[in-house]
Amino acid sequence: MGKCKINIGGQAVIEGVMMRAPSKFVIAVRRPDNQIVVQKKDITIDTNKFFKKPFIRGLIGLYDALVLGIQALNFSAHHALGEGEEKLSFKEIFFTMLFGFGLGIGLFLFLPLLLTDLLKLVFPLIERSFLVYNLVDGIIRVIFFILYIYIISFFKDVKRVFQYHGAEHKSIFTFESGKELTVENARQMSRFHPRCGTSFLLIVMIVSIFVFTLIPKDSHFLIKFLSRIVFVPVIAGISYEILKLSAKFQDNIFVKILIAPGLWLQKLTTKEPDDSQLEVAIISIKEALEINESKEGLIYV
């Protein structure tokens, strides 16, 4: 197959991989009986040109990560744990998303801001310079993020997800290189991808340092905190465009330096997959691209 400019992204789930191609959403999961179950859906939001505009498409990325990501995790948990497990209800999914969103806000927005506000009592420079204030806040946020990733990387189930994360990257690299989508070809690819969600989150945290300087210096703590939540879509839009540009010019020496921290962080969030995990990722990307000729051994739901 020749090189193609189709944009495709993915996400590792429990014992599987979710792939997102233009207008297609596919999840492939390996069940306990070793069979692979596949779910494919049409996504019409990508057909609207408005949602493809710069900065707006970053919000679509958030939609993918939050809404489609939760759906994929629910599907994978149901099938990876066995048919006897019950699927989550809409109410359960809603509260799961709410809890995750609340945890993210508390850990990566509220606590860093609170600590920065306390530190300004010890270090007057933090209070005098709002740029320094936001820089300290941003550094604490990045430290929290790296520590969070480092801690969960020791969990056995998370390690499996990180292996599928590596399989997702390798299969996407195989497609982008124009090679045939096979386990053998994917095995040779890097597990570190410049468009990874890990790199995106790191960019988000760096961009937020500058965007938050728009919040008035003498604002009340609560105003600073709520303003940070309001600015999240703006930051996501800017960060997504930076991520797209870094992927486009990844061979440029200056871009290589800029994306290096995100690639280093992927040493934590991705692990080398085995061939069975690569097989699931390859099936997922083929289904998303609708080029999977062999349906043998697959279960479609």
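In the nomenclature of an unreviewed UniProt entry, the protein corresponds to DUF1385 domain-containing protein from the organism Calditerrivibrio nitroreducens.

With respect to the sheet that holds strand β5 (residues 298-300)
With mixed pairing, five strands are arranged side by side in an open sheet as β1-β2-β3-β4-β5. Either end of the sheet is taken by a strand with one partner, and the two such strands are β1 (9-13) and β5. Taken pair by pair, the neighbouring strands of this sheet meet at an average axis angle of 20 degrees, ignoring direction. The sheet contact formed by strand β2 (residues 16-21) and strand β3 (residues 24-30) spans six bridges and is antiparallel. Following the sheet pairing, alanine 21 is matched in β3 by lysine 24. Here helix α5 (residues 156-176) sits on the sheet in contact with β1, β2 and β3, set at roughly 160 degrees to β1. Along the sheet face, helix α11 (residues 275-289) touches β2, β3, β4 (36-42) and β5 and points at about 155 degrees away from the line of β3.

Some remarks on the pattern of salt bridges
When the charged atoms of two side chains lie near each other, side chains of opposite charge can form a pair. Inspection of the entire model under this criterion finds 14 salt bridges. Among the ionic pairs, arginine 160 bridges to glutamate 15, the shortest N-O distance being 2.8 Å. Residue arginine 160 is found in helix α5, and its partner glutamate 15 is found in the loop between β1 and β2; the two are separated by 145 residues along the sequence.

Reading the values: rules and limits
- Residues numbered from 1 in each chain as written.
- Predicted model: local features only at pLDDT ≥ 70, side-chain atom pairs only at ≥ 80, totals over all residues.
- Heavy atoms only, no water.
- Pairing = 2+ DSSP bridges.
- Helix = DSSP H or I, 4+ residues; strand = E, 2+ residues; numbered from the N terminus.
- Axes fitted to C-alpha atoms, helices over the stretch in contact; angles between N-to-C directions.
- Contact = heavy atoms within 4.5 Å.
- Salt bridge = Lys/Arg side-chain N within 4 Å of Asp/Glu carboxyl O.

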